[in-house]
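Reading the structure
Below, each chain spelled out in residue letters.
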Amino acid sequence: MVATRGFTGRVRATERDPRLPPGQYDAGDSWPVLSAEVTPKLSAADWTLRIDGLVAEPRTWGWDEAHALPRAEYAGDIHCVTSWSKFGVRFAGVSLDDLLAAVRPAPSATHVVAYSHTGYTTNLPLADITGGRAWIVWEHDGEPLAPEHGGPARLIVPHLYFWKSAKWIAGLRLLDHDEPGFWEENGYHHRGNPWQEQRYAHD
Ligand SMILES: Nc1nc2c(c(=O)[nH]1)N[C@H]1C(S)=C(S)[C@@H](COP(=O)(O)O)O[C@H]1N2
Ligand SMILES: [Mo]
């Protein structure tokens, strides 16, 4: 038999999952692909990552050099501005902290532009990619990251809306000012904090 709460109040099943930021829904097992470009044909052997701009020692890593850094993992949630969220996603790669330590950011550096091998760009405050909150990843759920999801390697900054997590990552340029990227030029918020619903420029 089915118990009913009668006329006493709302059915509790409608309570929101506390992992869900405002205005988002749980995509469940599906993982939508959102790409402004065609998935590039980019092999691991051709993949490089460069960090330059306001740093003491600009540097480019190849696939093997990047893999020689300490392995780092993220297991948690991701939030796309188109309103899907996905819980408990597992990625592995390296921490941005380790990459930045190698190039030594100048004290004047405040922001970065992340750019992809395809030309996609997105801007981030330097503070959002330090302190164990950003990674370059090449594994999802223990498997090589699929090309449509940014493989061979992508940036992830999961505490911000996922458009900040540039797929097919090619590099980061450190700047002393904020410089909008592709979606930010097109009206999206410069920071994109999902908990504050920073979707569009003036949110
Ligand atoms: N190079 C590149 N990176 C990108 C995008 C893109 O179009 N091109 N889309 C962004 C957006 S809007 C989201 S939600 C995520 C989507 O990643 P996914 O396709 O693996 O879900 O990638 C982000 N990174
Ligand atoms: Mo997105």
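Everything numeric in this text was worked out from a predicted model, so none of it was measured. (Residues numbered from 1 in each chain as written. Chains lettered and ligands numbered in written order. Predicted model: local features only at pLDDT ≥ 70, side-chain atom pairs only at ≥ 80, totals over all residues. Heavy atoms only, no water.)

Inspection of every chain in the model, using the stated rule, returns eleven salt bridges. Between Asp128 and Arg191 there is a salt bridge, and its shortest N-O distance comes to 2.7 Å. With a gap of 63 residues between them, Asp128 in the loop between β7 (121-125) and β8 (135-140) and Arg191 in the segment after α3 (182-185) connect regions that are remote in the sequence. Of the residues examined, Asp128 reaches a relative accessible area of 2% and is grouped as buried. On the basis of relative accessible area, Arg191 is assigned to the partly exposed category, the value being 27%. A salt bridge links Lys164 to Glu184; the shortest N-O distance between them is 2.7 Å. Linking Lys164 in the loop between β10 (154-156) and β11 (169-175) with Glu184 in helix α3, this pair joins segments that are 20 residues apart in sequence. Side by side, Lys164 and Glu184 carry an identical accessibility label, which is buried. The network of salt bridges with common partners includes Arg50, Asp52 and Arg173. (Salt bridge = Lys/Arg side-chain N within 4 Å of Asp/Glu carboxyl O. Helix = DSSP H or I, 4+ residues; strand = E, 2+ residues; numbered from the N terminus. Buried < 20%, exposed > 50% of the residue type's maximum accessible area, 1.4 Å probe, protein only.)

We now examine the packing of aromatic side chains. The final tally for this structure, using the stated rule, is eleven aromatic pairs. Relative to Phe182, the ring of Tyr120 lies with its centre 5.9 Å away and its plane at 45°, an arrangement referred to as tilted. Within this pair, whereas Tyr120 is found in the loop between β6 (111-116) and β7, its partner Phe182 is found in helix α3, the two being separated by 62 residues in sequence. Taking relative accessible area as the criterion, Phe182 reaches 35% and is therefore assigned partly exposed. Ring centres of Trp183 and Tyr188 lie 5.4 Å apart, and the angle between their planes is 70°; this geometry places the pair in the edge-to-face category. Classification of Tyr188 as buried rests on a relative accessible area of 17%. These aromatic residues form a ring-pair network of at least three members: Tyr120, Tyr161, Trp163, Phe182, Trp183, Tyr188 and Tyr200. The ring of Phe87 has Arg19 sitting right over it, with the charged end atom 4.0 Å from the ring centre. (Phe/Tyr/Trp six-rings, centres within 6.5 Å; stacked < 30°, edge-to-face > 60°. Lys NZ or Arg CZ within 6 Å of the ring centre and 35° of its normal.)

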